[in-house]
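# Analysis of the macromolecular model
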Amino acid sequence: MKFLVLHGPNLNLLGKREPGIYGTQTLENINSSLVELSSVLGCELSFFQSNSEGELIDNIQAAARECDGILINPAAYTHTSIAISDALSAVGIPCVEVHLSNIHRRETFRHSSMVAPVAVGQICGFGKDSYLLGLRALFNHVKNI
Ligand code: DQA
């Protein structure tokens, strides 16, 4: 099994970016914890981060040919991007949405997700663990399809 881990805009700044909200883990820390978990589970991961909506969509489309599922933190595009939501439904491979922060206890504009209706599920509020829980959930989901 192979999964694409997609990180949206500004997540390259993790570690320095609003640590009170997003914690002190860097994106590299998160990715290496995911790699450790993937070897326990027995799956392969590829990673991509972009600040650009089009690049994220290109990678979602490419994943359909190469991957069994997508673990995605769409960051601010969560709340705005019909194009990312459309790309995820177009490719039709399972996706799990994750967020470091609990988007539902923050500003009202963060309460809605364009991605949630096309995702298998959403995990938020657990910092790095949101990604680790998300990978386990995606792996189990795909295994049981
Ligand atoms: C985020 C939450 C989003 O609302 C925000 O725009 C982000 C990060 C999170 O992981 O908590 O950039 O997706």
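Residues numbered from 1 in each chain as written. Predicted model: local features only at pLDDT ≥ 70, side-chain atom pairs only at ≥ 80, totals over all residues. Heavy atoms only, no water.

### Side note on the overall build of the protein
The secondary structure content of the protein amounts to five helices and five strands. In sequence order, the secondary structure elements of the protein are arranged as β-α-α-β-α-β-α-β-β-α. The C-alpha radius of gyration of the protein comes to 14 Å, within 12% of the 15 Å expected for a compact globule of 145 residues. Projecting the C-alpha coordinates of the protein onto the three principal axes gives extents of approximately 35 × 30 × 25 Å. Evaluated residue by residue, the protein yields a buried proportion of 48% over its 145 residues. On the protein, roughly 6,900 Å² of surface is accessible, and the fraction owed to carbon and sulfur atoms is 50%. One way to put it: in the protein the 10 positive side-chain charges average out to a point 7 Å from where the 13 negative ones average out. (Helix = DSSP H or I, 4+ residues; strand = E, 2+ residues; numbered from the N terminus. Rg over C-alpha atoms; globule rule 2.2 N^0.38 Å. Buried < 20%, exposed > 50% of the residue type's maximum accessible area, 1.4 Å probe, protein only. Areas by Shrake-Rupley, 256 points an atom, 1.4 Å probe, with all protein chains shown as cover. Lys, Arg positive; Asp, Glu negative; His and termini not counted. Charge placed at Lys NZ, Arg CZ, Asp CG, Glu CD.)

### What to know about the sheet that holds strand β4 (residues 95-99)
Taken in spatial order, the five strands make up an open sheet running β2-β1-β3-β4-β5, and their pairing is parallel. Looking at strand neighbours, the two that pair on one side only are β2 (44-49) and β5 (121-124), the edges of this open sheet. Going from strand to strand, the sheet's axes swing by 20° on average, the running direction of each strand aside. Sheet analysis places strand β1 (residues 2-7) next to β2, joined by six bridges and oriented parallel. When the sheet's bridge partners are listed, L6 is paired in β2 with F48. (Pairing = 2+ DSSP bridges. Axes fitted to C-alpha atoms, helices over the stretch in contact; angles between N-to-C directions.)

### Focus on the site of the ligand
Taken together, R17, Y22, N73, A75, A76, H79, H99, L100, S101, I103, R106 and R110 are the residues near the ligand. A total of 320 Å² of accessible area belongs to the ligand in isolation, and the protein chains cover 99% of it. Of the residues assigned to the shell around the ligand, the class counts are five nonpolar, four polar and three charged. (Near = heavy atom within 4 Å. Nonpolar A, V, L, I, M, F, W, Y, C, P; charged D, E, K, R; others polar.)

### Observations regarding the environment of G15
In this structure, G15 sits in the loop between β1 and α1 (19-22). Along the chain, G15 and E28 lie 13 residues apart, while their C-alpha atoms are 9.6 Å from each other. The contacts of G15, once residues within four sequence positions are left out, are G23, T24, Q25 and T26. (Contact = heavy atoms within 4.5 Å.)

### Structural notes on the pairing of β1
Summarising burial for β1: five of the six residues are buried, a large majority. Of the pairings in the sheet, the one linking β1 to strand β3 (residues 69-73) comprises five bridges and is parallel in character. Among the inter-strand pairings, H7 is bridged to a residue of β3, identified as N73.

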